[in-house]
Each structure stands twice: as C-alpha cells, then as structure tokens.
Amino acid sequence: MSEQGHSHSDAFAQQEGKWAQEAEAAISLFRHDEEIERGLAFGLSGSPTLVDRTIPTFSRGELPHFAGERGTFLNAPYLEDVNQVDDAEVAIFGAPVDAGTTYRPGTRFGPQGIRRSTNLFGTYCYELGVDLREQLNMVDIGDVFTIPGNLEKSFDQISQAISHVYSRGVFPVVLGGDHSIGYPTIRGIAPHVDGNIGIIHFDRHVDTQETDLDERMHTTPWFHATNIANAPATNLVQIGIGGWQSPRAGVKVGRERGTSIMTIGDVERVGVEKIAETALELAWKGAKAVYLSFDIDVLDAGFVPGTGWPEPGGLLPREALNLIRLISAAGLSGLEIVECSPPYDWAEQTALMSSRIVLDSLGVLVREGHLGKKAAARDRHAWGPQA
C-alpha cells in the first residue's frame, strides 16, 4: 500500500482520472522548491527582463526540456563516489556493451540514448500519482567500464558492479547494452539472495541456447543464468516469445529445463491481467526475489525500430506498459532494460519506450510502498523523502 492508501489495482478499479487529481494534492513540493533554490544559487539569478524569478541564468534542474542535457537518467542526482551508493535507495547505471550482438550492433550507445530520451519527461506521472523527485532517493552512478572486444571480462565488470549496488541494499536499474548482460546481472545478485531468484523476461526471443557462434552471446543469457544454483529455470518466465527468430536449440533447452513461455497470442487470448497474474505466480513460486529483464524488441518492430533484432507482431506499447505496472506492483529486486540501439532508432522512439519501462516500473514500486522509504542521510544533492 502507498502512503495515500491506494493500491495499484485500486486505482485501476476506480475512476482513474478523478483518483489522480486527488492524489497529486498529497505529494510534497519540497524537492521541487529545493531544486529552484539550488538552481538560483549555483546557476545565477536570471536576467532582469525575466518575470519568472525562479528561472536561473544557467540550467541546473529539470527545466527546460526543449534543449540541453546534464547526462543523467531523468536529470537525477549524479553520484560520483560509488562507495557512497548506500545513501541512495535506487541506483541507475549503464552497461554499454554490444560485443554479444549477432546481427545489428549499437546497443553500446543504449545507456546514452535512454538517458538523453528522459530529457522529455518530468518527474511526475499523472495516472500513477507519483513524483519521483519528491518520493524516491534515486541516483545515477554512471556506466560500468566494459572491455571492448572481450565479452567475458565485461561480464565480470557488470557482475561486480551490480553486486556492489545490491549488496548495499540499493535497488539496481541497469541500462543496457545487449541482452548478454542478463547473465552477469543475475550472477552478481545471486550470492546476496537468501533463497531462489525468479526472473520475468520480456522478449520476442527465448535466449536460452548454450552458445551462439561458439560463444556466450545475447542469445544465451538464460541458459547460463539458470545454471546458477539459486536461479532455477523453473522460476524463469518468458513473455512475448514468438516469430521467426527463436532458434530450436534454445527452445529445446527451455522445454527440458521447465521454463514457462507466454506468447503474444497468449496475451491476446487471456489478456494482460491474467498474463501478469500467471507470470508472478510462476516467478515467485518458492523464490525470495524476482528480477525483471525487459528486452525492448518484445514490442512490435513498428514502435521500436532502434533494436538489434526487430521482430514484427510484438506487444503494443500500451500492453507492455500495463504488464510492467501489474508485475511491478508485486515488488522487484532489480530491473534491466536491454537492446536499445540508438543508431537504428528514429525520432528516439525506442529510447523513449525504454525509459518509460523503467519509469513506470519505478513509479509503481513507489506507489505500492516497495520503494520510497529511504531518505538520504549525507549532505549531498538528493531526491526523495526528507531525512
């Protein structure tokens, strides 16, 4: 339950527009006002011709959206010293790697493109009744130093990075990068979970074969992740699989190991609510944590052209966002968004959709009370609750 006393399902069951109007009134403006004061102090007062005296000479906050970039996700505070990440509740970081791609490269620029796309967004979501600036102590800690041309060393770097964040009780959000990172992210979390990890995987492709082109690639993460003792394949749920790009070797592995697959046809047949309910039941069965891995190519290729393996016939954006909201409502241990390839994108469509997956998941996690409880204790530029 959120501080406003409404659950995710309650809001959908009510007249959402009316609920959202009332919910906004309960959100603090403390961080908003603090940002204005900080902008004026660090960015100088605006020119005398400006009527709005909250506008500084140099931009130091959310506004203006039309131009400029400060380099972080949603212009959230940047935390340079990752030794202090324990002061945050959520840490955004990039995993810029495309050495695992087997067709179109460019996902090494995914973190950069996703961050840039968030210049379009504010911190407040009307229908969720959440303002991340006011309610979530979130920081951006930059990118993992991946090793060009050496996927295995990049895996080691990614595992070490997410382990550092997760072991300090901080919720990790990983901006990929190709989908090969699904293996090192789970490998980095697994030692810190006292029990099994469930994985909910959105994709058009199964990604469960052992090797591809004789190596561990972006088509193989779940074979290797589910070899980890406390990440059993029976807790792997895959949503959106289908089309003409799923190798039979991977299908065989999934069948033999007992993974659960839900196709686009299944979504059409039973609806997003039933798909989400079933996915949560399977992923959480006997598990202590559930991790979300979202491959942007699960959406129909017409909506996300900027990806390495576009496949027509995938989810519609509204279906994807509703599924993410329903699944996030139960709580997550972390999430990753992968396979956004800006060089193939058009009008930032794929990057925008990628950032919306992250934003909507975080928004629901805050509204449901899973996140939004931890205030920054150190004297630094911070978002979220007051200490």
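Residues numbered from 1 in each chain as written. Predicted model: local features only at pLDDT ≥ 70, side-chain atom pairs only at ≥ 80, totals over all residues. Heavy atoms only, no water.

A. Structural view of the sheet that holds strand S5 (residues 171-176). One open sheet accounts for 8 strands, arranged S4-S1-S5-S10-S9-S6-S7-S8; its pairing is parallel. Two strands close off the open sheet at either side, each with one partner strand: strand S4 (138-143) and strand S8 (260-263). Across the sheet, the mean angle from the axis of one strand to that of its neighbour is 15 degrees, orientation sign disregarded. Here helix H11 (residues 272-284) sits on the sheet and contacts strand S6 (196-202), strand S7 (236-241), S8 and strand S9 (287-295); the angle it forms with S9, its principal contact strand, is near 130 degrees. (Pairing = 2+ DSSP bridges. Helix = DSSP H or I, 4+ residues; strand = E, 2+ residues; numbered from the N terminus. Axes fitted to C-alpha atoms, helices over the stretch in contact; angles between N-to-C directions. Contact = heavy atoms within 4.5 Å.)

B. Inspection of the packing of aromatic side chains at higher detail. Evaluated as defined, the whole model comprises 3 aromatic pairs. Aromatic pair Tyr103 and Trp309: ring centres 5.0 Å apart, planes at 40 degrees, arrangement tilted. Within this pair, whereas Tyr103 is found in the loop between strand S1 (90-95) and helix H4 (110-117), its partner Trp309 is found in the loop between S9 and helix H12 (317-328), the two being separated by 206 residues in sequence. A relative accessible area of 55% places Tyr103 in the exposed class. Look at Trp309 and you get partly exposed, because its relative accessible area is 27%. Ring geometry for Phe155 and Tyr183: centres 5.8 Å apart, planes at 80 degrees, overall edge-to-face. Residue Phe155 is found in helix H6 (residues 151-166), and its partner Tyr183 is found in helix H7 (residues 182-189); the two are separated by 28 residues along the sequence. By the burial criterion, Phe155 is buried, and Tyr183 matches it. (Phe/Tyr/Trp six-rings, centres within 6.5 Å; stacked < 30°, edge-to-face > 60°. Buried < 20%, exposed > 50% of the residue type's maximum accessible area, 1.4 Å probe, protein only.)

C. Quick peek at empty space enclosed by the protein. For the structure shown, the criterion picks out 1 cavity of 30 Å³ or more. Its residues assigned to classes, the lining of the largest cavity comprises 2 nonpolar, 6 polar and 1 charged. (1 Å grid on protein atoms, 1.4 Å probe; cavity = no way out; pocket = protein on both sides within 12 Å on 5 of 7 lines; lining within 4 Å. Points joined across faces, edges and corners; volume = space filled by probe spheres on them. Nonpolar A, V, L, I, M, F, W, Y, C, P; charged D, E, K, R; others polar.)

D. Expanded view of the pattern of salt bridges. Under the definition given, this model contains 18 salt bridges. With a closest N to O distance of 2.8 Å, Asp143 and Arg115 form a salt bridge. Here Asp143, found in strand S4, pairs with Arg115, found in helix H4; they are 28 residues apart in sequence, far enough to count as distant. Bridged by salt links that share partners, the residues Glu127, Arg325, Arg356 and Asp360 form one connected network. (Salt bridge = Lys/Arg side-chain N within 4 Å of Asp/Glu carboxyl O.)

E. Structural context of the nonpolar core. Among the nonpolar cores identified, the biggest contains 59 residues, and Met138, Ile200, Phe202, Phe294 and Leu362 are the most heavily contacted of them. It is helix H13 (residues 349-367) that contributes the most residues to this core, 10 residues altogether. Sequence-distant contacts of Phe202, that is, excluding residues within four places in its chain, are made with Ile239, Leu292, Ser293, Phe294, Asp295, Val298, Leu315, Leu323, Ile324 and Ile327. In terms of nonpolar packing, the next biggest core, distinct from the first, is built from 35 residues, Val165, Ile186, Ile228 and Leu236 among them. (Core = buried A, V, L, I, M, F, W, Y, C linked by side-chain atoms within 4.5 Å.)

F. Quick look at the packing of H11 against H12. The N-to-C vectors of H11 and H12 enclose an angle of 40 degrees; their axes lie 9 Å apart at closest approach. Classified by the interaxial angle, the pair formed by H11 and H12 is oblique. Considering only the axes of H11 and H12, their crossing is right-handed. Contacts between H11 and H12 involve Val272, Glu273, Ile275, Ala276 and Leu280 from the first element and Glu319, Asn322, Leu323, Leu326 and Ile327 from the second. Here the residues of the contact of H11 with H12 sort into 7 nonpolar, 1 polar and 2 charged. (Parallel < 35°, antiparallel > 145°, perpendicular 65-115°, else oblique. Left-handed = near helix turned anticlockwise from the far one by under 90°.)

G. Region of interest: unusual backbone geometry. Following Leu63, the chain continues to Pro64 via a peptide bond in cis, the omega torsion being -5 degrees. Note on placement: Pro64 falls in the loop between helix H3 (30-43) and S1. In this structure, Gly177 follows Gly176 across a cis peptide bond, with omega equal to 15 degrees. Tracing the sequence through the fold places Gly177 in the loop between S5 and H7. Phi at Leu44 is positive, roughly 75 degrees, even though this residue is not glycine.

H. Focus on the pairing of S6. Counted residue by residue, S6 has 6 buried out of 7 residues, so it is predominantly covered. Of the pairings in the sheet, the one linking S6 to S9 comprises 7 bridges and is parallel in character. Residue Ile199 lies in a different strand from S9, and its bridge partner there is Tyr291. Summarising the sheet, S6 and S7 pair through 4 bridges and their orientation is parallel. Bridging across to S7, Phe202 finds its partner in Ile239.

I. Geometry of the side chain of Glu134. Position of Glu134 relative to the elements: it lies in helix H5 (residues 132-135). The side chain of Glu134 is buried and forms no salt bridge, while Arg133, the nearest opposite charge, is found at 4.0 Å. Of the polar contacts made by the side chain of Glu134, one reaches the backbone nitrogen of Arg31; its length is 2.8 Å. When sequence neighbours within four positions are dropped, the list of residues in contact with Glu134 reads Ile27, Ser28, Leu29, Phe30, Arg31, His32, Gly384 and Pro385. (Lys, Arg positive; Asp, Glu negative; His and termini not counted. Polar contact = N/O pair within 3.5 Å; in protein donor to acceptor, adjacent residues only side chain to side chain.)

None of the figures reported here should be taken as evidence of function without further support.
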